[in-house]
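# Summary of structural features
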Amino acid sequence: MSSVTVRVPAKVNVQLSVGPLREDGYHDLVNVFHAVSIFDEVVAKESEAITVRVNGKWSDQVPVDDSNLAIRAARALAKHAGRTYGADLVINKDIPVAGGMAGGSADAAGALVACNELWGLGLPLEDLMEIAGDLGSDVPFSLIGGTAVGTGRGEQLSELPTGGTFHWVFAPAIGGLSTASVYAECDRLRQASGAEVPWPQLNDSLMEALGTGDAYALGSNLSNDLQAAALTLRPELGPTLDAGRQHGALGAIVSGSGPTCAFLAIDATHARDLAESLTATGAARTAVAAHGPVQGAVLI
Ligand code: C5P
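Just so we're clear, the structure is a prediction, and the values are computed from it rather than from any experiment.

Before going further, it helps to examine the sheet that holds strand S10 (residues 261-265). Taken together, the four strands give an open sheet; going across it, the order is S9-S10-S7-S11, and neighbouring strands pair in antiparallel fashion. Edge strands, defined here as strands with exactly one partner in the open sheet, are strand S9 (251-254) and strand S11 (288-292). Geometrically, the sheet is characterised by an average inter-axis angle of 30° between neighbouring strands, direction not taken into account. Pairing analysis gives four bridges linking S9 to S10, with the strands arranged antiparallel. Bridged to Ile253 within S10 is Ala262. Packing against the sheet, helix H10 (residues 268-280) makes contact with strand S7 (166-171), S10 and S11, and its axis sits at approximately 15° to S7.

What follows is the structure, given as structure tokens:
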């Protein structure tokens, strides 16, 4: 095998409930992930060393040094296999960078699947899931995609069957937000309010909406505990969310730690119209229609 290509989706969190700060610096979550049809492609070619290059929309914002999550993923896989391997990784990027859509996690998941194939390791998904969990809280979900509930840091997953396809619009913002700084802002706001932080609970109405494919019910049950923090750091996102609601979005939330805004549409036509309205009115610089759920990292 001299070249392998893997396609990996972005995600939005349809519920992100953040528990109290843990001693290890993470938060226990109830995190309902939903994979959507915005994809990065990871191409792995035979090479002496593990290297990465990035092409596409957001490529200038991605580090290509040792901090790159795809490089770290390939190294972790080689270490797990107990050998020195090389791979020239090329990432064709369509997922916003530092946008709250798990773009870095997608690239790591893509690199795991691609290198597993390129190097002929044949490791089962459960081994890749374990390596993925050490790389980042969202990486295991990027491997499986679909819709899933994440607990713990978000890495302990159970898959959720959904009753249909949901149609979305995503409005990436200029510049990203660091996930760690959004969680830190969330802690700061909670400390300032003095209110007790409840243990996160799965929203039963949301589960039902996902199960029956009811977009209206899903729209009114979307929630994100990181949203207040993201809006404090990026107040300009508030008017973007309002504009989406005014244009008939069934729900409007910050995606994960942001700053991408996510809008749930009625159907594919409404999603296209909503994306057009958001850009035409200047409420968003760009807006992309997408659907979910879609499958996770897959060889193409
Ligand atoms: O796991 P990952 O590297 O993606 O997490 C990035 C940062 O997000 C962590 O360093 C931590 O500050 C924050 N985080 C958290 N609780 C989680 C997941 C992430 O506080 N469950």
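Still more ground to cover, so stick around.
Bridge analysis of strand S3 (residues 50-56) against strand S4 (residues 87-93) gives seven bridges, and the strand direction is parallel. Note on S4: the bridge partner recorded for Val54 is Ile91. Once you follow S3 into helix H1 (residues 69-81) and on to S4, the crossover reads as left-handed.

Turning our attention to the domain arrangement of the chain. Domain annotation of the chain identifies domain 1 (3-160) and domain 2 (166-292). A C-alpha centroid distance of 22 Å is found between domain 1 and domain 2. Contact residues are listed per partner, giving 31 residues for domain 1 and 38 residues for domain 2. Here domain 1 meets domain 2 over a buried area of about 2,700 Å², counting both sides, of which 65% is carbon and sulfur. By the criterion of area lost to domain 2, the three top residues of domain 1 are Val14, Leu16 and Val18, representing 20% of everything that side buries. Counting the contacts that link domain 1 with domain 2 gives zero salt bridges. Remark: the boundary between domain 1 and domain 2 carries 16 residue pairs in polar contact (both at pLDDT 80 or more). At the level of secondary structure, the elements contributing two or more residues to the side of domain 1 that touches domain 2 comprise strand S1 (3-21), strand S2 (27-45) and strand S5 (147-151). By residue number, the principal contributor to the side of domain 1 that touches domain 2 is S1, which donates 11 residues. Tallied by class, the residues present in the side of domain 1 that touches domain 2 amount to 19 nonpolar, 10 polar and two charged.

Thresholds applied
- As a convention, each chain's residues are numbered from 1 in the sequence order in which they are written.
- This being a predicted model, a pLDDT of at least 70 is required before a residue's local features are given, and a value of 80 or more before pairs of side-chain atoms are given or counted; all residues contribute to the totals for chains, interfaces and linings.
- Calculation of side-chain values draws on the structure's entire complement of heavy atoms; hydrogens and water are dropped beforehand.
- Here, strands pair whenever DSSP counts at least two bridges between them.
- Under the DSSP-based scheme used, a helix requires at least four consecutive residues in state H or I and a strand at least two consecutive residues in state E, with every element numbered from the N terminus.
- Throughout, an axis means a line fitted to C-alpha atoms (over the contacting stretch in the case of helices), and angles, computed between N-to-C directions, take values from 0 to 180 degrees.
- By definition in these notes, contact holds between two residues if any of their heavy atoms fall within 4.5 Å.
- Seen with its strands pointing away from the viewer, a crossover is right-handed when the path leading from the first strand over the helix to the second is clockwise.
- Domain boundaries shown here were taken from an automatic or database domain assignment.
- Accessible area, probed at 1.4 Å, shrinks when two parts are joined; the buried area is that loss added up over both.
- What counts as a salt bridge is simple: a side-chain nitrogen of Lys or Arg found within 4 Å of a carboxyl oxygen of Asp or Glu.
- Pairs of N or O atoms are called polar contacts if they sit within 3.5 Å, as long as, within protein, a hydrogen donor faces a hydrogen acceptor (for residues adjacent in sequence, only side-chain-to-side-chain pairs).
- In this classification, Asp, Glu, Lys and Arg are treated as charged, Ala, Val, Leu, Ile, Met, Phe, Trp, Tyr, Cys and Pro as nonpolar, and every other residue, Gly included, as polar.

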